[in-house]
Amino acid sequence: GQNIDQPTEMTATEGAIVQINCTYQTSGFNGLFWYQQHAGEAPTFLSYNVLDGLEEKGRFSSFLSRSKGYSYLLLKELQMKDSASYLCAVREYSGAGSYQLTFGKGTKLSVIP
Amino acid sequence: AAGVIQSPRHLIKEKRETATLKCYPIPRHDTVYWYQQGPGQDPQFLISFYEKMQSDKGSIPDRFSAQQFSDYHSELNMSSLELGDSALYFCASSVRGLGEAFFGQGTRLTVV
């Protein structure tokens, strides 16, 4: 099983930088994902980390420390359209070719002018 | 590029009825996940399949069953529907343990 924690809500100003943290506890770690989800829509993939370090993708970056069970998503130059829920998800290998992808409860980000 | 396709997009059923949701994964993706997402909730893992075999099981009620067919599409069968089953149901597909899972647009099930 897994225990994934992330803040429930955050507010940031347009043009600023925001960091959304995620901590997890799991065995059989096989990758950490960040998804963006607008209300009523499907989650869309943002980033994927399986090794320690920083992955940068345009305005979005994601960091992973496997030893600490910690990740963060960094959003730069915030835009109003970035207002959404950001979901941290951990994939766990549970043996015999079985993988489970479990989501945290999501962080609702509000970008204000 | 082809994406994950779910049908129907919307479904309204009465209590105690049955519903079947369909998911067509991205071609060459061999793993399918099903999720249930209630209003304001995070996606809850229901069940997954790898190469047409059930791979893992989450919080799927006994009233629900699912399978993956030879063409890799998957169906989620829901019986004795309850009001609390009203939710968005997402299907996602991936290449086993590699890379990200891609989500379909979801099926919004309303039980009245």
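In this text, all values refer to a predicted model and were calculated from it rather than measured experimentally.

(A) Layout of the nonpolar core. Counting residues in each nonpolar core, the largest one holds 22 residues, and the members touching the most others are Trp 34, Leu 76, Met 78 and Tyr 89 of chain B. Among all residues touching Leu 76 of chain B, those that are not within four sequence positions of it are Ala 19, Thr 20, Leu 21, Trp 34, Leu 46, Ile 60, Phe 64, Ser 65, Ala 66 and Tyr 89 of chain B.

(B) Up close: the confidence of the model for chain A. Looking at chain A, pLDDT values average 92 and 97% of them are 70 or higher. Across chain A, element-level confidence peaks in strand β8 (residues 70-75) of chain A with a mean pLDDT of 98 and bottoms out in strand β10 (residues 99-103) of chain A with 82.

(C) The arrangement of the sheet that holds strand β3 (residues 18-25) of chain A in detail. All names here are of chain A. With antiparallel pairing, five strands are arranged side by side in an open sheet as β1-β3-β8-β7-β6. At either margin of the open sheet sits one strand with a lone partner, and together these are β1 (3-5) and β6 (53-57). Direction aside, neighbouring strands of the sheet carry axes that sit 15° apart on average. Summarising the sheet, β3 and β8 pair through six bridges and their orientation is antiparallel. Each bridged residue has a counterpart across the sheet, and for Gln 19 the counterpart in β8 is Leu 74.

(D) Expanded view of the pattern of salt bridges. All names here are of chain B. Taken as a whole and assessed by the stated rule, the structure comprises seven salt bridges over all chains. A salt bridge links Glu 75 to Lys 22; the shortest N-O distance between them is 4.0 Å. Remark: Lys 22 occurs in strand β3 (residues 19-24) and Glu 75 occurs in strand β8 (residues 74-78); sequence separation between them is 53 residues. Note that Asp 85 is salt-bridged to Arg 63, the shortest N-O span being 2.9 Å. On the criterion of sequence distance, the pair formed by Asp 85 in the loop between β8 and β9 (87-95) and Arg 63 in the loop between β6 (53-57) and β7 (64-68) is long-range, its members being 22 residues apart. Under the relative-accessibility criterion, Arg 63 is labelled partly exposed at 21%. Through salt bridges with shared partners, one network takes in Arg 63, Glu 82 and Asp 85.

(E) The confidence of the model for chain B, seen in detail. For chain B, per-residue confidence averages 92 on the pLDDT scale, and 97% of positions sit at 70 or higher. Ranking the elements of chain B by mean pLDDT puts strand β10 (residues 98-103) of chain B last, at 82, and β3 of chain B first, at 98.

(F) Here's a closer look at the packing of aromatic side chains. A complete count under the given rule lists 15 aromatic pairs over all chains for this structure. Each ring, one from Tyr 35 of chain B and one from Phe 103 of chain B, has its centre 5.7 Å from the other, and the planes form 40°; the classification is tilted. One end of the pair, Tyr 35 of chain B, is in strand β4 (residues 31-37); the other, Phe 103 of chain B, is in strand β10, with 68 residues separating them in the sequence. Per residue, the accessibility class of Tyr 35 of chain B equals that of Phe 103 of chain B, and both read buried. Following the ring pairs from residue to residue traces out a cluster consisting of Phe 33, Tyr 35, Phe 45, Tyr 48 and Phe 103 of chain A together with Tyr 33, Tyr 35, Phe 45, Phe 90 and Phe 103 of chain B.

(G) Highlighting the state of the cysteines. Tallying each qualifying case throughout the model produces two disulfides over all chains. Covalently, Cys 22 of chain A is tied to Cys 88 of chain A through a disulfide, its sulfur atoms 2.0 Å apart. Taking the sign of the torsion about the S-S bond as the criterion, the disulfide between Cys 22 of chain A and Cys 88 of chain A, at about -65°, is left-handed. Of the two residues, Cys 22 of chain A is situated in strand β3 and Cys 88 of chain A in strand β9 (residues 84-93); the sequence distance between them amounts to 66 residues. Overall, Cys 88 of chain A belongs to the buried group, its relative accessible area being 0%. Residue pairing for Cys 23 of chain B: its cysteine sulfur links by disulfide to Cys 91 of chain B, the two sulfurs lying 1.7 Å apart.

(H) Region of interest: the pairing of β9 of chain B. Residue and element names in this part refer to chain B. Counting buried residues in β9 gives eight out of nine residues, a clear majority hidden from the surface. With seven bridges joining them, β4 and β9 adopt antiparallel strand pairing. Within β9, the residue paired with Trp 34 across the bridge is Cys 91. The pairing of β9 with strand β11 (residues 107-111) spans three bridges and is classified as antiparallel. Paired with Leu 88 across the two strands is Arg 108, which belongs to β11.

About the cut-offs
Residues numbered from 1 in each chain as written. Chains lettered and ligands numbered in written order. Predicted model: local features only at pLDDT ≥ 70, side-chain atom pairs only at ≥ 80, totals over all residues. Heavy atoms only, no water. Core = buried A, V, L, I, M, F, W, Y, C linked by side-chain atoms within 4.5 Å. Buried < 20%, exposed > 50% of the residue type's maximum accessible area, 1.4 Å probe, protein only. Contact = heavy atoms within 4.5 Å. pLDDT = per-residue confidence, 0-100. Helix = DSSP H or I, 4+ residues; strand = E, 2+ residues; numbered from the N terminus. Pairing = 2+ DSSP bridges. Axes fitted to C-alpha atoms, helices over the stretch in contact; angles between N-to-C directions. Salt bridge = Lys/Arg side-chain N within 4 Å of Asp/Glu carboxyl O. Phe/Tyr/Trp six-rings, centres within 6.5 Å; stacked < 30°, edge-to-face > 60°. Disulfide = S-S within 2.5 Å.

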